[in-house]
Amino acid sequence: QVQLVESGGGLVQAMGSLRLSCAASERTFNRYAMGWFRQAPGKEREFVASISWSGGRTYYADSVKGRFTISRDNAKNTVYLQMNSLKPEDTAVYYCAADVQLGTPTSPRDYDYWGQGTQVTVSS
């Protein structure tokens, strides 16, 4: 099974920036679509952003458009989420996930592998 490990989370002030990374254990990562999701305490896991295996198509939740950017470096088996202009409502555990069969980009049910998550806390 593919292992995904997120890193880069932390505690930042509002309007600050973070870059999350998701490192995959296998080269087969290069043929997976990848997504970022987040979950705050007491809330459902929600879609944040996704990217096709080639990097040619990206999708974003309306709440993060213009602030977050998803990218990937297949040579490094890594996906990134650049998070700018952070708001307190962005506070959540952020998870990366791999979609093997090209399902709906925004649906967590269509993703096959998940990382353990990294905490992002944005203070006011």
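Residues numbered from 1 in each chain as written. Predicted model: local features only at pLDDT ≥ 70, side-chain atom pairs only at ≥ 80, totals over all residues. Heavy atoms only, no water.

(A) Geometry of the environment of Ala 49. Checked against the element boundaries, Ala 49 lands in strand 5 (residues 46-51). Taking the relative accessible area as the measure of exposure, Ala 49 reaches 0% and is therefore buried. When the C-alpha positions of Ala 49 and Arg 38 are compared, they lie 9.8 Å apart, and in sequence the two are 11 residues distant. Non-local contacts of Ala 49, meaning those with residues more than four positions away in its chain, are made with Met 34, Gly 35, Trp 36, Tyr 59, Tyr 60, Ile 70 and Leu 81. (Helix = DSSP H or I, 4+ residues; strand = E, 2+ residues; numbered from the N terminus. Buried < 20%, exposed > 50% of the residue type's maximum accessible area, 1.4 Å probe, protein only. Contact = heavy atoms within 4.5 Å.)

(B) Representation of the pairing of strand 7 (residues 68-73) within the structure. Residues of strand 7 alternate between two faces, with Phe 68, Ile 70 and Arg 72 buried on one and Thr 69, Ser 71 and Asp 73 left unburied on the opposite face. As judged from the six bridges shared by strand 7 and strand 8 (residues 78-83), these two strands associate in the antiparallel manner. Within strand 8, the position partnered with Ile 70 by the bridge is Leu 81. Where strand 7 folds back on strand 8, the antiparallel hairpin that results is connected by four residues, among which Asn 77 adopts a positive phi of roughly 55 degrees. (Pairing = 2+ DSSP bridges.)

(C) Geometry of the state of the cysteines. Overall, the coordinates contain one disulfide when judged by the stated rule. There is a disulfide in this structure between Cys 22 and Cys 96, and the S-S distance comes to 2.0 Å. Disulfide Cys 22-Cys 96: the torsion about the S-S bond is 55 degrees, which places it as right-handed. Highlighted residues: Cys 22 in strand 3 (residues 18-24) and Cys 96 in strand 9 (residues 92-99), separated in sequence by 74 residues. Looking at Cys 22, the relative accessible area reads 0%, which means it is buried. For Cys 96, a relative accessible area of 0% translates into the label buried. (Disulfide = S-S within 2.5 Å.)

(D) Structural view of the side chain of Thr 78. Mapped onto the elements of the fold, Thr 78 is located in strand 8. Here Thr 78 falls in the buried class, since its relative accessible area comes to 9%. Here the side chain of Thr 78 touches Lys 76 through a polar contact of 2.8 Å, landing on its backbone oxygen. Setting aside its immediate chain neighbours within four residues, Thr 78 contacts Ser 21, Cys 22, Ala 23, Phe 29, Arg 72 and Asp 73. (Polar contact = N/O pair within 3.5 Å; in protein donor to acceptor, adjacent residues only side chain to side chain.)

(E) Summary view of unusual backbone geometry. Despite not being glycine, Asn 77 has its phi angle at roughly 55 degrees, a positive value. Checked against the element boundaries, Asn 77 lands in the loop between strand 7 and strand 8.

(F) Examining the packing of aromatic side chains more closely. Per the counting criterion, the structure on display carries five aromatic pairs. Among the aromatic residues, those joined into a ring-pair cluster are Phe 37, Phe 47, Tyr 111 and Trp 114. Here Arg 45 stacks its cationic end above the ring of Tyr 95, 3.9 Å away from the centre of that ring. (Phe/Tyr/Trp six-rings, centres within 6.5 Å; stacked < 30°, edge-to-face > 60°. Lys NZ or Arg CZ within 6 Å of the ring centre and 35° of its normal.)

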